[in-house]
Amino acid sequence: MEPRSAQGQGDSQGDLARQGARSGLRRSLLRQALRYAKAIAQVAFRHPILGVVIIPVLADASLVLVRRVDDGRWSLPGGLVDWGEDITTTATRELQEETGLTLVQMGRLVGVYSDPDRDPRVHSVAIAIEAQVSGQFAVQDTLEISQVAAFAPDQVPLDQLSHDHSRPLQDYFQGATRIA
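The shown structure was predicted, so the numbers you read here are calculated from the model rather than taken from an experiment.

Enquirer: Describe the overall build of the protein chain, listing the residues and the values that go with them.
Expert: A count of helices and strands for the protein chain gives three helices and eight strands. Burial status across the protein chain gives 33% buried among its 180 residues. Sequence-distant contacts in the protein chain: of pairs separated by 6 or more residues, those separated by 24 or more amount to 67%. Total accessible area computed for the protein chain in this model is approximately 11100 Å², and 54% of it derives from carbon and sulfur atoms.

Have a look at this one:
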């Protein structure tokens, strides 16, 4: 075995110092990335999500409901606001996916519903809006919706609706605008 020279030992010590510095930098970057991930997770999982509930009204004043696949109950069409969407875009998209209908004109704001138990899956805040709609029924999102149908206002099965959808419909029928 050859003895190490002073020059060689210095290089080894310099290499070790540089490796240690790189390792420290990696650990620091990893800790910072983990802090960011934790902050994002807290925002994503500790805050309610935003959704839209549409009260679709056909030209003959009948209301459109959809039957959900997950619980077999009737509900209002609607869904979550996607990143980069506004409320009108979400309502238009969800209405098309769940009913096949076209949003003709946005009506009035019926309410904002934020009860943590309003949706059994997750805490969500729903903005309920009336919308004049037209077209032919055609469910596109068959993983979520099994059927679409029109009901005369006095035939809507208020006591058999999914989630809290009877509440926005009652507010709609009463002409109320509610924040709850």
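Enquirer: Please give an account of helix α2 (residues 87-99) that cites residues and values.
Expert: When the terminal C-alpha atoms of α2 are compared, their 18 Å separation across 13 residues agrees well with the 18 Å that a helix rising 1.5 Å per residue should span. Among the residues of α2, those classed as buried are T90, A91, R93, E94, L95, E98 and T99. In this fold, the buried residues of α2 make contact with β1 (49-57), β2 (63-68), β4 (78-80), β5 (102-113), β6 (124-134) and β7 (145-151). N-cap assignment for α2: the residue whose side-chain oxygen lies 3.4 Å from the backbone N of T88 is D86.

Enquirer: Quick rundown of the packing of aromatic side chains? Include the residues and the values.
Expert: Aromatic ring pairs: the centre-centre distance and the angle between the two ring planes describe each pair. Under the counting rule described, the total for this entry stands at two aromatic pairs. Here the aromatic rings of W74 and F151 are separated by 5.1 Å at their centres, their planes lie at 80 degrees, and the arrangement is edge-to-face. With W74 in strand β3 (residues 74-75) and F151 in strand β7, this pair connects stretches of sequence that are 77 residues apart. Residue W74 is classed as buried on the basis of its relative accessible area of 9%. Assessed through its relative accessible area of 15%, F151 is described here as buried. Ring geometry for Y172 against F173: centres 5.7 Å apart, planes inclined by 55 degrees, an arrangement best described as tilted. By relative accessible area, which is 35% here, F173 ends up partly exposed.

The rules behind these values
Residues numbered from 1 in each chain as written. Predicted model: local features only at pLDDT ≥ 70, side-chain atom pairs only at ≥ 80, totals over all residues. Heavy atoms only, no water. Helix = DSSP H or I, 4+ residues; strand = E, 2+ residues; numbered from the N terminus. Buried < 20%, exposed > 50% of the residue type's maximum accessible area, 1.4 Å probe, protein only. Contact = heavy atoms within 4.5 Å. Areas by Shrake-Rupley, 256 points an atom, 1.4 Å probe, with all protein chains shown as cover. Expected span 1.5 Å × (residues − 1). Polar contact = N/O pair within 3.5 Å; in protein donor to acceptor, adjacent residues only side chain to side chain. Phe/Tyr/Trp six-rings, centres within 6.5 Å; stacked < 30°, edge-to-face > 60°.

Worth remembering: the numbers are spatial, not functional.
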